[in-house]
Amino acid sequence: MSLTGVLGYFRTRLNALGHKEWTDALNFSNIPETIIDRAYHLDFNPTIGNSINQNHIDMNQGVTVRLFVKGYKNTGEARDRLISLAQEVICDIINPVNSTVGPEVKGTGFS
């Protein structure tokens, strides 16, 4: 697994669904209004190493995906839309067809 490949995988899947990345690595509270609708922010969780030998490193890498939508005047509708978008993203990212396409990512899960 490649850590850069993990980010690339998430970016590819989210961009294909029509989301736009907010690339400020440390701050997700300053997203400009021009991109906040369907914006996303990626954050790595601690890496868990499983095994290593002279050829391979087997590890699990958690990723936090934050999705953003505009609330406008009806925040309830925005919440419902966000739940629908989150479900769409989760189903796409953990789809076995999508998560086994390259050497960097061998599988995905949801927890």
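Residues numbered from 1 in each chain as written. Predicted model: local features only at pLDDT ≥ 70, side-chain atom pairs only at ≥ 80, totals over all residues. Heavy atoms only, no water.

(A) A look at the overall build of the protein. What the protein contains, in helices and strands, is three helices and three strands. Taken over the C-alpha atoms alone, the protein extends approximately 55 × 30 × 20 Å along its principal axes. For the protein, restricting intrachain contacts to residue pairs at least 6 apart in sequence, the fraction spanning at least 24 positions comes to 47%. By element, 55% of the accessible surface of the protein is carried by carbon and sulfur atoms, the whole surface being about 7,300 Å². One way to put it: in the protein the 10 positive side-chain charges average out to a point 4 Å from where the 11 negative ones average out. (Helix = DSSP H or I, 4+ residues; strand = E, 2+ residues; numbered from the N terminus. Contact = heavy atoms within 4.5 Å. Areas by Shrake-Rupley, 256 points an atom, 1.4 Å probe, with all protein chains shown as cover. Lys, Arg positive; Asp, Glu negative; His and termini not counted. Charge placed at Lys NZ, Arg CZ, Asp CG, Glu CD.)

(B) Molecular detail of the nonpolar core. The biggest cluster of nonpolar side chains holds eleven residues, and these are V6, Y9, F10, L14, Y40, L42, V63, L67, V89, I93 and V105. When contributions to this core are tallied by element, the ones reaching two or more residues are α1 (3–16), β2 (39–52), β3 (57–68) and α2 (75–94). The dominant element in this core, judged by the number of residues it contributes, is α1, at four residues. Discounting chain neighbours no more than four positions away, the residues touching Y9 are D92, I93, N98, S99, V105 and T108. One finds W22, I31, I35 and A39 within the second-largest nonpolar core, a separate group that totals five residues. (Core = buried A, V, L, I, M, F, W, Y, C linked by side-chain atoms within 4.5 Å. Buried < 20%, exposed > 50% of the residue type's maximum accessible area, 1.4 Å probe, protein only.)

(C) Inspection of the side chain of H41 at higher detail. Positionally, H41 belongs in strand β2. Judged by its relative accessible area of 2%, H41 falls in the buried class. Reaching out from H41, the side chain makes a polar contact with the backbone oxygen of D24 at a distance of 3.0 Å. Sequence-distant contacts of H41, defined by excluding residues within four places in its chain, comprise W22, D24, A25, F28, T64, V65, R66 and F68. (Polar contact = N/O pair within 3.5 Å; in protein donor to acceptor, adjacent residues only side chain to side chain.)

(D) Structural context of unusual backbone geometry. The phi torsion at R38 lies on the positive side, around 70 degrees, for a residue other than glycine. For R38, the location among the structural elements is in the loop between β1 (20–21) and β2.

(E) Fine view of the sheet that holds β3. Pairing is mixed across the open sheet formed by three strands, whose spatial order is β1-β2-β3. In the strand order of this sheet, the two ends are held by β1 and β3, each with one partner. Here two bridges tie β1 to β2, and the two strands are oriented parallel to one another. Considered in β2, the bridge of K20 is made with A39. On the sheet, α1 packs against β1, β2 and β3 and is oriented at approximately 145 degrees with respect to β2. (Pairing = 2+ DSSP bridges. Axes fitted to C-alpha atoms, helices over the stretch in contact; angles between N-to-C directions.)

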